[in-house]
Amino acid sequence: MRPLPPPRLRPLPALLSALLTVSALPAQAQAPTTPPPPPPDQAAPMARVEITGSNIRRAQAETAEPVQSLTRADLEKSGRTNVAELMQTLAVDNQGSVPMGFGAGFAAGASAISLRGLGAASTLVLLNGRRVASYGFADDAQKLFTDLNIIPLDAVDRVEILKGGASAIYGSDAVAGVVNIILRRDYVGNLVRFSQGLSEQKDGGDTRFGLTHGHGNLDTDGYNFLMTVEYGKRRAIWNRDRADRAAVGRSDLRPWGYSAQQTLSGFGTITGPNASGSSVSGNVRNPSTDENAANFLNYYNRGSLSPDTGFTRTFPGAACSNFTNHPQGDPGGGCLTDATQQFGQVQPSQENGNLYARYTMQLNPAWQAYAEVNGYVTSVHTQTTPSGVSASVGYPGGPVSNADVRLGADHPDNPYFGSSARIRYLAQDVGPRHTTIRSNFARALLGLKGSWNNWDIETGLLYSENKGRTHNFGFLQRDITFALLNPSPANVAAAQLNPLYAALPPGTVWRIAENAALNSPAVYAALSPEITADATSRMAQFDVKGSSELTQLPGGPLAVAVGLEARRDRVELTPTTGTERGNIIGLGFSAYEGKRTQQAVYGEVVAPVVKQIELTAALRYDHYQNTGNTWNPQAGIKWTPVRSFALRAAFARGFRAPSPAENGRGGLAAFSTAEDPQRCALGVEVACSPAAIALITSPNPDLSPERSKSYSLGAVWDPVARTNVSVDFWRIKRTNEINQEQVTAAIERGNVARDPAGAEPGIPGDPGPIVAVLTRYINSNQTDVRGVDLDARTSIGLPGGYGALAADIKWTRLFRWQRTEPDGTVSDFAGTHGNCDVTNCIGTPKDRANLNLSWDSGPVRLTATVNYRGKLDNRLRKEDAECAVTFDDGSDAPPGCKIASFTTVDLTGRWKLHKQVELFASIQNLFDREPPLDPLTYGAAGYNPLDQSGAIGRYYEAGLRWTF
């Protein structure tokens, strides 16, 4: 297919000339002629506003493309304390979003929305219609996105969500849609807001304080200055404090019918011959080389006193009861604990500060200059389980297997004293792994807007950056761990290169479990020093655009807009200390570096050809360094046969350029879960259930941009006054999709590294467990997503002065979320728990809905919000015949292989004591619903991250708003 010819943007030279000469023109020449007042029988013209998805100001809010708008009142009625929380409850959000509670993720400390389930990187987030620098830590170490936490709530005027492709207007990344957060442009007065939240279990406190100040009237003073400052502190919620909420926070799921042999019984399980989890007291493998021995390669707990173990010495102090009162019962004899429940979090703690300031100067009646500044600082503290000693990792040099970690032959805690023996140990004496993420965001904008010669013109110069650093504690250094557990000549020689080990007295060993108190502080300082990583994202942009009404058509004015944009992006992530050589047990390598420049020119036209028909079209040309050129058209039509009814349709072509994490320098070593079909077919039972595996992904400099086509067809109907209903069918087809190669496909092709020494005895041909899966970023064939949106709202006045009732519902249903691999494999994830290669494996619900019911009677307003998430088939894709997880008896889990739907109700209220003082309160999860058990996701323990409010439980918030 030949590329489209370049557009003929004839008005652009005049526009640029106007920008260069406007400052020299006298104010009298710039002032528009005052129009005569309209005749008495004519209504005054409606104010024109700019709607997200168009650069042309218009009087009608309904356009050919569906746009969802959330006003300041909607934000207040939601009861949410920040924009990020509200975005992730919306029906249009789906798989691939980044939840705040996912403290173990690559992008911990941030939050993002994923429109249509196409991923955070395919959802463009704008601030006042312009881009901002991405969060420094990419989601899944691949997908760069905008952190929604940077937005101060009191500064928000409204949020507009364009639910379709918009690359013809905004360029790259607007594949699934656009979220435009529009802040206040002017304000006069003072606003003080304070609120305090607390769960019913008296934890998770959320303290918020905000101050907004504005002065100066643009009409009379010629300027306006406004500033919003916010402070927030949210306390952690621990898994252990939700022990009474079904399976929330648990990794031991035996009470619900799962078994130890499925690795669903917490930590310390001995799952079978030559297979064991990490135990708080240590599980060791019999080092016998006699293949005919009954205990050949079997793991045993160090506290066992059975003669069948073949121990050469026993350790009564290692008895399981000395470490835990957790229910036991492992058929393999392991010491079971639930470290996830003991150390993990439902919600990390966070402290942040936010600033937004804007100064606007009225240069003359036609022109304004303005400046905006944003600042955001945050510190997030996450915690997870103590480290094991055997988790394998990877780095650009390849996989690093830690499966052969051993207690040395002379180690005093080795029950097979005299022979080295493999060990599986949960290093609870080192303490839990915890991370502090500190991030700073800054944005500065200088702009000029006004009118000249019948053109509305705006230009701006923008700089934005995000810097972050992670401080990690409790992670074990491989070289020192191996040397302190098994001081063989080879291990000691490798560790001697590390100055922390070289400083220890010769012959030092790491005493484990019941003897850990014998270790010196220097041992722990050497084993687990602080390690850090730094991320930086910078963006500089210049843009100019103009719009005008050229002539009058039968249906109204023919309006056009043209503009150009130049941008430079740079991102860099340094690897966490030690991961660049695979030296941190259980923590993979992640790093990227890249920069690019981009230039674009675009044009748009709105043509009301007759009174009932409005045509829209747009075309944008982008040039990306190292990626090439792209033309992206957009077209729409709206037909209004009668005033109360309209049909609309739109088409758009979009693209997403590869990010530096995908085609730059660096790489990724992470974790996922997968079955091992080869070993399962041989009869290795444990290989038939999903288990954690290392995943090593390399950048691909030959990647092409993602391409997309989006379609929508809908109707808008106002059947009676104050009632509006819209239905929009939509489809987004994305080709050349940039993904990590699917784990299952890589395993089937044999792109794996295995541990042959972990083969199960007695099973011929067992190749041993998978240590790592080797993948790279590829251009997959395509993704095809289809669905329908329903948006309905109404309000009625109550007789007798009892106020008004209002109701609205927003519902999104997915018909298809289908991905086709290059080899032709088709996977439909709609309504299933897939795609588990995407952030935290939350699944792809077919249905999400929000229903709001409000009563407003002057000073009092009450709102009930119903949030609904549809059920999920617990399969990784529709085509799978088998359930992703089974109960111990082999039956589908959960029953019927379905994770139940989840519904919560939130209640908010406002009471205006008088015009200056307002009290507000909310109850989230009013009926204290518990979330259904989800045994597959790795984004939370025992529940799906989409059901976070159910894990927290009933939550109260109260506050005061004072204006003066």
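Conventions and cut-offs
- Residues numbered from 1 in each chain as written.
- Predicted model: local features only at pLDDT ≥ 70, side-chain atom pairs only at ≥ 80, totals over all residues.
- Heavy atoms only, no water.
- Buried < 20%, exposed > 50% of the residue type's maximum accessible area, 1.4 Å probe, protein only.
- Helix = DSSP H or I, 4+ residues; strand = E, 2+ residues; numbered from the N terminus.
- Contact = heavy atoms within 4.5 Å.
- Pairing = 2+ DSSP bridges.
- Salt bridge = Lys/Arg side-chain N within 4 Å of Asp/Glu carboxyl O.
- Phe/Tyr/Trp six-rings, centres within 6.5 Å; stacked < 30°, edge-to-face > 60°.
- Lys NZ or Arg CZ within 6 Å of the ring centre and 35° of its normal.
- Domains from an automatic or database assignment.
- Buried area = accessible area lost by both parts, 1.4 Å probe.
- Polar contact = N/O pair within 3.5 Å; in protein donor to acceptor, adjacent residues only side chain to side chain.
- Nonpolar A, V, L, I, M, F, W, Y, C, P; charged D, E, K, R; others polar.

Participant: Looking at this structure, how should I read helix 7 (residues 478-485)?
Facilitator: One full turn of an α-helix is made of 3.6 residues, so residues set three or four places apart face in the same direction. Most of helix 7 is tucked away, with 7 of its 8 residues classed as buried. Burial in helix 7 covers these residues: Asp-479, Ile-480, Thr-481, Phe-482, Ala-483, Leu-484 and Leu-485. Those residues of helix 7 that are buried lie in contact with strand 18 (406-407), strand 19 (421-424), helix 8 (489-495), helix 9 (499-502) and helix 10 (521-527).

Participant: I tried to follow the pairing of strand 35 (residues 782-797) on my own but got confused; where do I start?
Facilitator: Note on strand geometry: in a regular strand, side chains alternate between the two faces of the sheet. Inspection of the sheet shows strand 31 (residues 723-735) paired to strand 35 by 13 bridges, in the antiparallel sense. Bridge pairing in strand 35 places Asp-728 opposite Asp-789.

Participant: What should I look at first to understand the pairing of strand 39 (residues 860-869) in this one?
Facilitator: The side-chain alternation of strand 39 yields one buried face, formed by Arg-861, Thr-863, Thr-865, Asn-867 and Arg-869, and one unburied face, formed by Val-860, Leu-862, Ala-864, Val-866 and Tyr-868. Where strand 38 (residues 847-857) and strand 39 come together, 10 bridges link them in antiparallel fashion. Looking at strand 39, one finds that Leu-853 is bridged to Ala-864. Taking the residues that link successive antiparallel strands as the turn, the strand 38-strand 39 hairpin has 2 residues, and the phi of Gly-858 there is positive, at about 65°.

Participant: I would appreciate a short explanation of the pattern of salt bridges in the present structure.
Facilitator: Any two side chains of opposite charge can pair, so long as their charged atoms come close to each other. Scanning the model with the defined rule gives 57 salt bridges in all. For the salt bridge of Glu-565 with Arg-620, the shortest nitrogen-to-oxygen distance reads 3.2 Å. Taken together, the positions of Glu-565 in strand 23 (residues 556-573) and Arg-620 in strand 25 (residues 613-624) put the pair 55 residues apart, joining distant regions of the chain. Among the residues examined, Glu-565 registers a relative accessible area of 10% and is labelled buried. Using a relative accessible area of 0% as the deciding quantity, one classes Arg-620 as buried. Across the salt bridge formed by Arg-570 and Glu-593, the nearest N and O atoms sit 4.0 Å from each other.

Participant: For this particular structure, what's the right way to read the packing of aromatic side chains?
Facilitator: Two aromatic rings are characterised by how far apart their centres lie and by the angle between their planes. Applying the stated criterion across every chain, the model contains 12 aromatic pairs. Geometrically, the ring pair formed by Tyr-223 and Tyr-359 is stacked, given 6.1 Å between the ring centres and 25° between the ring planes. In this pair, Tyr-223 is assigned in strand 9 (residues 223-234) and Tyr-359 in strand 14 (residues 349-364), connecting sequence segments 136 residues apart. Three or more aromatic residues joined by ring pairs make a cluster, and in this case those are Tyr-135, Phe-137 and Phe-145. The ring of Phe-315 carries the charged tip of Arg-302 above its face, separated from the ring centre by 4.7 Å. Arg-478 extends its terminal NZ or CZ atom over the ring of Phe-482, reaching a point 4.2 Å from the ring centre.

Participant: Mind showing me how you'd approach the domain arrangement of the protein chain here?
Facilitator: Interface size is commonly expressed as the accessible surface area that is lost when the partners come together. On domain assignment, one finds that the protein chain holds domain 1 (49-241 + 347-383 + 437-472 + 533-963) and domain 2 (268-337 + 389-425 + 477-522). Taken together, the 26 residues of domain 1 in the interface contact 26 residues of domain 2. Between domain 1 and domain 2 the total buried area reaches about 1,900 Å² when both faces are included, carbon and sulfur atoms providing 64% of it. The largest share of the area that domain 1 buries against domain 2 comes from Asn-583, Ile-585 and Pro-761, three residues that together contribute 28% of it. Where domain 1 meets domain 2, there are 2 salt bridges. For Asp-479, the salt bridge goes to Arg-581, with nearest N and O atoms at 3.4 Å. Between the two partners, domain 1 and domain 2, sit 9 residue pairs in polar contact (both at pLDDT 80 or more). Those elements that place two or more of their residues in the side of domain 1 that touches domain 2 are strand 28 (665-674), strand 29 (691-698) and strand 34 (770-779). Of the residues that constitute the side of domain 1 that touches domain 2, the class distribution is 16 nonpolar, 6 polar and 4 charged.

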